[in-house]
Amino acid sequence: MTGQQLKNSILQLAIQGKLVPQIESEGTAEDLLKEIRAEKEKLVKEGKLKKKDLEVKPIEDDEFPFEIPSGWRWCRLIQTGITQTGATPSKTNPNYFGNFIPFVSPGDIQNGKINYREEGLSKEGYNVSRPAPKGTILQVCIGGSIGKLAITDKEVTFNQQINSVTPIFILSQFLYAVLGSSYFYLEITKNVAGSATPIINKSAWETKVIPLPPLSEQKRIVSKIEELMPLVEEYGKAQERLEALNRELPEKLKKSVLQEAIMGKLVPQDPKEGTAEELLAEIRKEKEKLVKEGKLKKKDLEIKPIEEDEIPFEIPESWKWCRLGEIGSWGSGATPAKGKPEYYTNGNIPWLRTGELNNDYVYDSEIKVTQAALDECSLRMCRKGDVLIAMYGATIGKVAIAGIELTTNQACCACTPLLIYNKYLMWYLMASKQAFIDLGEGGAQPNISREKIVAFPFALPPLPEQKRIVAKLEEVMEMIEGMK
């Protein structure tokens with residue numbers, strides 16, 4: 001249950017007479033309604049109220065929404081006091097506006113309070129407005145903020161998007177609780193749901209049926225509400241903190257598990273699986289072979305050894321620190337000239353942008369390029385199984401594995417792994433995302449270069465262990481996803 005739901009429940013108990021016990025000696029709401037009517041008749045005689053405000057349609061049996069205590073009475077909102085809709089003086093007369101009295105609009109009613117602005121009405125504007133005294137309840141009656149309400153703490157004026165009730169012999173705080181209840185909100189919105197701009201006019205609003213207890217019980221109800229609401233507010237804040245933690249926990253767990261994986265702590269080491277030193281030697285032989293075949297440049301063999309101060313954490317003895325450039329062939333893509341339709345029209349070669357990297361296999365792209373683009377531009381054709389990483393802007397560190405042959409834009413760097421499990425490499429890059437972001441430079445559009453990527457430290461396990469790590473990662477990540 002959220003804080004708002006708990007608040008709604010308390011208000012509903014309050015207006016049903018279930019929040020405090022009834023005391024027979026406190027009289028009945030019937031007596032209170034008679035006193036209110038007598039006061040309104042007096043105001044009619046004094047010309048301060050119109051006679052039609054006394055003409056109230058009797059309540060039918062089918063209008064009672066729930067049971068109330070025997071000492072309570074159902075009445076219409078208009079029977080509790082003086083109701084009116086606000087008005088806005090003509091904007092064509094600047095003399096109406098000033099700082100004589102506050103002028104309230106729906107946007108000024110926030111969290112049950114009125115945020116008084118600099119602007120208001122002049123004394124001349126006051127004379128053509130509909131002021132409401134201190135203790136009046138204002139309720140928004142139109143638009144997306146319909147139902148918002150507040151009690152005035154001073155005399156104010158207000159616009160036509162607000163209805164008001166000034167209670168007579170009734171506690172403003174109790175009436176505020178009734179009008180702020182989920183029951184009343186449903187009452188004023190049930191016939192406006194399909195409207196482009198929902199609105200409830202004064203006549204419909206003031207004839208809504210509400211429950212009324214004796215005045216003494218109103219005071220005890222308000223006292224209990226005021227006692228409970230700070231606790232509800234604390235509960236709501238605690239609930240929000242818990243929900244935030246629940247939202248953040250899966251991502252934090254993922255990062256923690258990934259870190260454990262690349263540090264060699266997710267699965268046990270097995271001496272029978274050999275060492276990363278042996279694996280690196282095999283990789284180097286494969287790269288030398290590719291150099292001889294002209295498929296790799298000789299400079300790709302010239303990689304600076306890892307220095308002690310570059311090692312970010314300890315790894316198992318069977319692992320080996322190396323650089324990303326040592327374990328595969330890296331290269332970035334390009335963007336064929338947009339002004340040449342022959343590079344795009346009827347193209348069938350997937351051309352991937354970094355926003356399409358998905359931390360998984362990628363099998364298609366929104367844009368396709370032609371063979372002419374591939375032949376004439378400096379595009380790199382990625383093999384199925386290549387590992388991709390974003391190098392520019394907000395997408396830095398996003399990764400994917402090519403599920404098909406494709407090419408990419410210049411913001412994406414691709415690796416063809418040599419004797420390395422591509423899924424392990426993808427997970428390692430994902431675990432290192434923040435480090436890549438930290439390497440980014442360039443102001444508004446930070447970027448990492450291919451050179452920085454190939455020089456990045458890589459904790460290399462033996463190949464069989466790479467596969468066991470990935471299997472365990474996928475198992476654990478599925479469990480974490482199930483927590484959401």
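Structure's up top.
Residues numbered from 1 in each chain as written. Predicted model: local features only at pLDDT ≥ 70, side-chain atom pairs only at ≥ 80, totals over all residues. Heavy atoms only, no water.

A short note on the packing of helix 4 (residues 172-179) against helix 7 (residues 215-262)
Relative orientation of the contacting elements helix 4 and helix 7 amounts to 65 degrees, with a least axis distance of 9 Å. Put simply, helix 4 runs roughly perpendicular to helix 7. The chirality of how helix 4 crosses helix 7 is left-handed. Packed against helix 4, whose contacting residues are Gln173, Phe174 and Ala177, the element helix 7 presents Gln218, Ile221, Val222, Ile225 and Glu226 at the interface. Looking at side-chain class alone, the contact of helix 4 with helix 7 contains five nonpolar, two polar and one charged residues. (Axes fitted to C-alpha atoms, helices over the stretch in contact; angles between N-to-C directions. Helix = DSSP H or I, 4+ residues; strand = E, 2+ residues; numbered from the N terminus. Parallel < 35°, antiparallel > 145°, perpendicular 65-115°, else oblique. Left-handed = near helix turned anticlockwise from the far one by under 90°. Contact = heavy atoms within 4.5 Å. Nonpolar A, V, L, I, M, F, W, Y, C, P; charged D, E, K, R; others polar.)

Observations regarding the sheet that holds strand 11 (residues 162-167)
An order of 2-11-8-9 is seen for the four strands of this open sheet, with the pairing classed as antiparallel. Where the open sheet ends on each side, the last strands, each with one partner, are strand 2 (81-85) and strand 9 (149-151). Taking each pair of neighbouring strands and ignoring which way they run, the sheet shows an average axis angle of 15 degrees. Sheet topology places strand 8 (residues 137-140) next to strand 11; four bridges connect them, and they run antiparallel. Within strand 11, the residue paired with Ile137 across the bridge is Val165. (Pairing = 2+ DSSP bridges.)

What to know about helix 10 (residues 422-431)
Here helix 10 lies mainly inside the structure; nine of its ten residues are buried. Where helix 10 is concerned, the buried positions are Asn422, Lys423, Tyr424, Leu425, Met426, Trp427, Tyr428, Leu429 and Met430. (Buried < 20%, exposed > 50% of the residue type's maximum accessible area, 1.4 Å probe, protein only.)

Things to note about the sheet that holds strand 7 (residues 120-121)
Each strand in a sheet pairs with another by means of backbone hydrogen bonds, the pair being arranged parallel or else antiparallel. Across the sheet, four strands lie side by side as 3-7-4-10; this open sheet has mixed pairing. Every interior strand has two partners, whereas the edge strands, strand 3 (97-98) and strand 10 (157-158), have only one. Examined bridge by bridge, strand 4 (residues 101-104) and strand 10 share two bridges and lie parallel to one another. Across the sheet, Phe103 pairs through a bridge with Thr157, a residue of strand 10.

Digging into a nonpolar patch on the surface
Where nonpolar side chains cluster on the molecular surface, the patch consists of Leu249, Leu253 and Met483 and spans about 220 Å² of accessible area. Mapping Met483 onto the fold places it in the segment after helix 13 (463-481). (Patch = residues over 30% accessible without salt bridge, like charges linked within 9 Å, V, L, I, M, F, W, Y side chains within 5 Å. Areas by Shrake-Rupley, 256 points an atom, 1.4 Å probe, with all protein chains shown as cover. Salt bridge = Lys/Arg side-chain N within 4 Å of Asp/Glu carboxyl O.)

Observations regarding the side chain of Lys287
Looking at where Lys287 falls in the secondary structure, it is placed in helix 8 (residues 276-292). Side-chain polar atoms of Lys287 contact the backbone oxygen of Gly325, separated by 2.7 Å. Not counting chain neighbours up to four residues away, the residues in contact with Lys287 comprise Leu296, Asp300, Leu301, Ile303, Gly325, Glu326, Gly328 and Leu418. (Polar contact = N/O pair within 3.5 Å; in protein donor to acceptor, adjacent residues only side chain to side chain.)

Topic: the packing of aromatic side chains
Counting across every chain of the model gives eleven aromatic pairs. Pairing Phe64 with Trp74 gives two aromatic rings, centres 6.0 Å apart and planes at 15 degrees, and the pair type is stacked. Of this pair, Phe64 sits in the loop between helix 2 (29-45) and strand 1 (73-76) while Trp74 sits in strand 1; the two residues are ten residues apart in sequence, bridging distant segments of the chain. By relative accessible area, Phe64 is classed as partly exposed at 37%. Taking the relative accessible area as the measure of exposure, Trp74 reaches 14% and is therefore buried. Here the aromatic residues Phe64, Phe66, Trp74 and Tyr183 are joined through ring pairs into a cluster of three or more. (Phe/Tyr/Trp six-rings, centres within 6.5 Å; stacked < 30°, edge-to-face > 60°.)

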